[in-house]
Amino acid sequence: MTAKVPTLSKPQARRIALAAQGFRDPRHTVPTMRTFSRTLARTGVLQIDSVNVLQRAHYMPLFSRMGPYDTELLRRAAERRPRRIVEYWAHVAAFMPVELWPQMRHRMARYKAEGHAWMGLPERQELVASLIEEIRERGPSTSRELDDGLPRVKEHWGWNWSETKQALEYLFLAGDLTVSGRTSQFERLYDLPERVLPREVLAAPTPTAEDAYRELVRRAAMSEGVATARCLADYYRLRQQPGAGVASAKVAIDELVEAGELLPVRIDGWGKPAYLHRDATMPRRVDARALLSPFDPVVWERERTEQLFDFHYRIEIYVPEPKRVHGYYVLPFLLGDRIVGRVDLKSDRRDGVLRVLGAYAEPGAPDETATELAEELADLAGWLGLSGVDVAPRGDLSAELTLAVKQLDGG
């Protein structure tokens with residue numbers, strides 16, 4: 001007789017998901033490297049994005065969970081020994097724990113074999129070899145520095161900046177180069193893995209692809225708490241990897257179910273099988289208050305966000321301005337265990353003001369939404385080194401938020 005699969009309500013699933021992401025962890029008055037490490041253990045990875053209209057994407061999930069913190073914590077973790085995180089294509093471009101490097105070798109090997117559909121010409125192979133040698137001699141370097149300084153033979157057709165950059169990206173994806181840091185202009189500093197990664201990480205054996213998939217699915221399940229196969233495959237982007245995909249993730253899921261690490265469940269209203277990590281907590285309530293970056297793991301997988309939070313979300317950065325519904329850089333506002341609104345934000349660094357270009361309430365948002373949002377925006381502005389919050393008259397929450405901001409300022 002087949003055991004009955006338990007059903008979770010949506011509120012239960014939301015609270016499990018938020019607890020897994022660290023939204024029940026107590027905030028420290030002054031976050032430390034221990035706080036950072038705990039938070040990273042929850043999210044698993046920190047997505048990187050170049051858009052800087054508010055704050056770089058990888059800094060924001062830490063603020064959402066830890067509150068105001070010294071961003072040097074992240075820089076120290078990424079750029080100083082002992083290095084705790086390193087850049088790689090773990091979700092998309094992201095910081096990941098250094099110990100995940102061996103689990104990514106199967107991915108690196110595929111990128112190397114495919115050559116980015118780019119390595120066919122002999123002169124490109126020469127370019128790749130010369131770049132590695134130049135970096136070995138000169139140390140961490142940007143693509144711009146290498147393009148200016150590489151002594152190359154240009155008897156074929158010549159190399160330009162884009163060819164150099166493509167070669168470096170190929171080497172980065174193939175694991176032959178890694179990133180030792182970023183410049184103030186957010187340029188990658190490429191270096192040899194043996195000069196960046198801890199010795200024990202480099203010496204660790206390479207797992208089989210199947211073992212790597214299982215470990216990545218296991219980590220995804222720990223970070224998500226409860227999730228469908230599609231969600232688990234998406235967290236470390238197995239579903240977009242050649243030779244992997246949801247089918248490979250499902251094999252790993254079945255093995256983890258057999259081992260008792262994942263428990264099959266159903267989520268009320270979501271017509272897909274789901275899996276609960278055995279160590280996931282199911283709190284009776286979550287008292288979160290956070291602005292979520294467009295690149296926060298809570299909103300990565302849009303179907304999951306819509307099913308768990310009844311929240312339809314799309315990033316409109318690449319949408320022409322006249323067609324945008326909510327704005328350019330819109331952050332969902334999490335209150336308790338619900339997403340109750342969204343705000344279009346911009347750091348006006350010249351005037352020293354956090355600008356709210358639009359503010360919108362979700363259906364059923366509680367009465368205290370504007371007051372709580374005003375307090376969170378004040379915390380964000382302070383963390384960003386901005387002197388205040390200015391709310392534009394756009395969106396159905398803007399008038400109430402304007403009043404809440406004034407009251408908070410003593411006006």
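Residues numbered from 1 in each chain as written. Predicted model: local features only at pLDDT ≥ 70, side-chain atom pairs only at ≥ 80, totals over all residues. Heavy atoms only, no water.

**Examining the overall build of the chain**
Scanning the chain from N- to C-terminus turns up 15 helices and 14 strands. A globule of 411 residues ought to have a C-alpha radius of gyration of about 22 Å, and the chain, at 23 Å, matches this closely. Across its three principal directions, the C-alpha atoms of the chain cover 70 × 70 × 40 Å. When burial is assessed residue by residue, the chain has 56% of its 411 residues classed as buried. (Helix = DSSP H or I, 4+ residues; strand = E, 2+ residues; numbered from the N terminus. Rg over C-alpha atoms; globule rule 2.2 N^0.38 Å. Buried < 20%, exposed > 50% of the residue type's maximum accessible area, 1.4 Å probe, protein only.)

**Focus on the sheet that holds strand β11 (residues 330–336)**
The strand order across the open sheet formed by five strands is β10-β11-β12-β13-β14, and the pairing between neighbours is mixed. Pairing within the sheet leaves two strands with one partner each, and these edge strands are β10 (288–291) and β14 (388–391). Direction aside, neighbouring strands of the sheet carry axes that sit 30° apart on average. Where β11 and strand β12 (residues 338–348) come together, six bridges link them in antiparallel fashion. Paired with Leu334 across the bridge in β12 is Ile339. Sitting on the sheet, helix α14 (residues 369–383) touches β10, β11, β12, β13 (353–361) and β14, and the angle it makes with β10 is about 60°. (Pairing = 2+ DSSP bridges. Axes fitted to C-alpha atoms, helices over the stretch in contact; angles between N-to-C directions. Contact = heavy atoms within 4.5 Å.)

**Some remarks on the packing of aromatic side chains**
Tallying each qualifying case throughout the model produces seven aromatic pairs. By the ring-pair criterion, three or more aromatic residues cluster together here, those being Phe63, Tyr69 and Trp383. Directly above the aromatic system of Phe186 lies the positively charged group of Arg56, at a separation of 4.0 Å from the ring centroid. The ring of Phe186 has Arg182 lying over it, and the distance from NZ or CZ to the ring centre is 4.1 Å. (Phe/Tyr/Trp six-rings, centres within 6.5 Å; stacked < 30°, edge-to-face > 60°. Lys NZ or Arg CZ within 6 Å of the ring centre and 35° of its normal.)

**Description of the confidence of the model for the chain**
Taken as a whole, the chain shows an average pLDDT of 92; of its residues, 93% reach a score of 70 or greater. With pLDDT under 50 throughout, residues 149–161 is counted as low confidence; its partners more than four residues away or in other chains account for 28 contacts. (pLDDT = per-residue confidence, 0-100.)

**Considering the side chain of Arg237**
Within the secondary structure, Arg237 sits in the loop between α11 (229–235) and α12 (245–258). Take Arg237: its relative accessible area is 16%, and that puts it in the buried class. Within the local environment of Arg237, its side chain forms a polar contact with the side chain of His91, the two groups lying 3.3 Å apart. In this structure Arg237 touches Ala90, His91, Val92 and Arg107, once residues within four positions along its chain are discounted. (Polar contact = N/O pair within 3.5 Å; in protein donor to acceptor, adjacent residues only side chain to side chain.)

**Describing the pairing of β14**
The pairing of β13 with β14 spans four bridges and is classified as parallel. Each residue of the ladder has a partner; that of Val353, found in β14, is Gly388. Following the backbone out of β13, through α14 and into the adjacent parallel β14, one traces a crossover that is right-handed. (Right-handed = clockwise from strand over helix to strand, strands pointing away.)

**Quick word on helix α6 (residues 122–138)**
If you check α6, its first and last C-alpha atoms are 24 Å apart, about what 17 residues at 1.5 Å a residue would give, namely 24 Å. Listing the buried residues of α6 in full gives Glu123, Arg124, Leu127, Val128, Leu131, Ile132, Glu134 and Ile135. (Expected span 1.5 Å × (residues − 1).)

**Observations regarding the nonpolar core**
Counting 77 residues, the largest nonpolar core has Phe23, Met96, Val226, Leu232 and Tyr236 as the members making the most contacts within it. Grouped together as the second largest cluster of nonpolar side chains are 50 residues, Met60, Phe95, Leu331 and Ala359 included. (Core = buried A, V, L, I, M, F, W, Y, C linked by side-chain atoms within 4.5 Å.)

**Some thoughts on the environment of Pro68**
Following the sequence through the fold, Pro68 ends up in the loop between α3 (60–66) and α4 (72–79). Residues Pro68 and Tyr329, 261 residues apart in the sequence, show an inter-C-alpha distance of 20 Å. With near-sequence residues (within four places) excluded, Pro68 lies in contact with Pro31, Phe63, Asp379 and Trp383.

**Considerations on the pattern of salt bridges**
Side-chain pairing between opposite charges can occur once the charged atoms of the two side chains come close. All told, the structure shown has 42 salt bridges when counted by the stated rule. Notably, a salt bridge pairs Arg15 with Asp337, separated by 3.5 Å at the nearest N-O pair. You can see Arg15 sitting in helix α1 (residues 10–20) and its partner Asp337 sitting in the loop between β11 and β12, a full 322 residues away along the chain. Here Arg15 matches Asp337 in class, with each residue buried. Between Arg289 and Glu376 there is a salt bridge, with its nearest N and O atoms 2.8 Å apart. Of this pair, Arg289 sits in strand β10 while Glu376 sits in helix α14; the two residues are 87 residues apart in sequence, bridging distant segments of the chain. (Salt bridge = Lys/Arg side-chain N within 4 Å of Asp/Glu carboxyl O.)

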